[in-house]
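Chain by chain, the residues run as shown.
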Amino acid sequence: MSDNAASAFLPPDAARALLDRWAAVRARVDGAARAAGRDPAGITLVAVSKYHPAVSVAALVAAGQRDFGENYVQEALRKQAEVADMTGMGPDALPGAGGEGPRWHFIGHLQSNKARDVVGRFALLHTVDSETLARKLDQRLAAMPAQGAGGVPPVQDILLQVNIGDEAQKSGVDPDELPALADAVLALPRLRLLGLMCMPPIFDDGEASRPFFARLRELRDGLAVRMGLPLPHLSMGMSHDVEVAVAEGATIVRVGTDIFGPRPARG
Ligand SMILES: *Cc1c(COP(=O)(O)O)cnc(C)c1O
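Predicted model, so just to flag it, every value in this text is computed and none were measured.

Enquirer: I'd like a description of the overall build of the protein, backed by residues and values.
Expert: The secondary structure content of the protein amounts to 10 helices and 8 strands. For 267 residues, the compact-globule estimate of 2.2 N^0.38 gives 18 Å, and the C-alpha radius of gyration of the protein, at 18 Å, lies within 12% of that figure. Principal-axis analysis of the C-alpha atoms places the extent of the protein at approximately 50 × 45 × 35 Å. Burial status across the protein gives 50% buried among its 267 residues. Element-wise, carbon and sulfur atoms account for 52% of the exposed surface of the protein, whose accessible area totals about 11600 Å². Separation between the mean location of the 28 positive side-chain charges and that of the 32 negative ones in the protein comes to 4 Å.

In structure tokens form, the structure reads like this:
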């Protein structure tokens, strides 16, 4: 861990506090992995930076954190550019793009009319939840130039967000409709489906999330068999329930508050 690198961006006290919280979260994830007999290296920690300033992201990039999550398209794109300016490292977006830059994850609700703004700009879109959106993404990718010397067509890695608590106001596909959506996505050549994501109803006690996480894993396992695909990723677990998520099979956890502190007002 490189405190000096982080203090290029933040006052020393703030840099130390940030790095301490980050290290504590990583230790919680690693401990939960070992307790479950899993390899900690198989779990990606996404630092959720929504509402937090680019300098805080830059400080973590300098310290070695690679994955960052954002919820709002305009805020995310602005921050990507700011972090690239500050660190000299551009986003490492599409698979195969290579590079050492930050990998940005889109984890907020995604409207179909924003498809054009996100394709190719995020390493992973966690929140695809309708066929309309999937088709828009695929169309936008088709209109993008081929990548690299070999002229490889761009492919976007995605997860399907499942409304795991059957909550009326939540985004995500209903579990009943998940197989049909997965079939539709599979027919779109520019989207690569890697797994599922969920956000259970929030309770103070992280244990309350356990049945929802277990259900997402079962849905993934069933879908993988049905489709003959590995579907390696389960994106689940936040500040208050990250250990439970890891115990239930999360491969990607999304932690904001316990890394960056309380979120400032949106701006
Ligand atoms: C904000 C957010 C998080 C992080 O939540 P914390 O409680 O701050 O850790 C994770 N996932 C999603 C989808 C979010 O919107």
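Enquirer: I'd like a description of helix 3 (residues 54–63), backed by residues and values.
Expert: Burial runs high along helix 3: 8 of the 10 residues are buried. Those residues of helix 3 that sit buried are Ala-54, Ser-56, Val-57, Ala-58, Ala-59, Leu-60, Val-61 and Ala-63. Just downstream of helix 3, Gly-64 is the residue with a positive phi angle, here 115 degrees.

Enquirer: Please set out the site of the ligand residue by residue, giving values where relevant.
Expert: Surveying the vicinity of the ligand reveals 13 residues, the closest of which are Lys-50, Asn-71, Ser-239, Thr-257 and Arg-263. Here a nitrogen atom of the ligand sits 2.9 Å away from a polar atom, N or O, in the side chain of Arg-254. Isolated, the ligand exposes 380 Å² of accessible area, and the fraction of that covered by the protein chains is 92%. Comparing atom positions with the cavity grids shows the ligand to sit within the largest pocket. Per-class residue counts for the shell around the ligand are 6 nonpolar, 4 polar and 3 charged.

Enquirer: Explain the layout of surface pockets to me, and be specific about the residues and the numbers.
Expert: In this structure, the largest pocket spans a volume of roughly 360 Å³. Forming the walls of the largest pocket are 20 residues, and the residues nearest its centre are Lys-50, Asn-71, Ile-107, Met-199 and Met-238. Looking at side-chain class alone, the lining of the largest pocket contains 6 nonpolar, 10 polar and 4 charged residues.

Enquirer: Residue-level account of the nonpolar core, with values.
Expert: In this structure, Leu-60, Leu-125, Leu-137, Leu-160, Leu-196 and Ile-259 are the most contacted members of the largest nonpolar core, which totals 69 residues. The element contributing the most residues to this core is helix 2 (residues 12–35), with 8 residues. Contacts of Leu-137, omitting those with residues within four sequence positions, involve Ala-115, Val-118, Val-119, Leu-125, Val-128 and Leu-191.

Reading guide: rules and limits
Residues numbered from 1 in each chain as written. Predicted model: local features only at pLDDT ≥ 70, side-chain atom pairs only at ≥ 80, totals over all residues. Heavy atoms only, no water. Helix = DSSP H or I, 4+ residues; strand = E, 2+ residues; numbered from the N terminus. Rg over C-alpha atoms; globule rule 2.2 N^0.38 Å. Buried < 20%, exposed > 50% of the residue type's maximum accessible area, 1.4 Å probe, protein only. Areas by Shrake-Rupley, 256 points an atom, 1.4 Å probe, with all protein chains shown as cover. Lys, Arg positive; Asp, Glu negative; His and termini not counted. Charge placed at Lys NZ, Arg CZ, Asp CG, Glu CD. Near = heavy atom within 4 Å. Polar contact = N/O pair within 3.5 Å; in protein donor to acceptor, adjacent residues only side chain to side chain. 1 Å grid on protein atoms, 1.4 Å probe; cavity = no way out; pocket = protein on both sides within 12 Å on 5 of 7 lines; lining within 4 Å. Sits in = over half its atoms within 2 Å of the grid points. Nonpolar A, V, L, I, M, F, W, Y, C, P; charged D, E, K, R; others polar. Points joined across faces, edges and corners; volume = space filled by probe spheres on them. Core = buried A, V, L, I, M, F, W, Y, C linked by side-chain atoms within 4.5 Å. Contact = heavy atoms within 4.5 Å.

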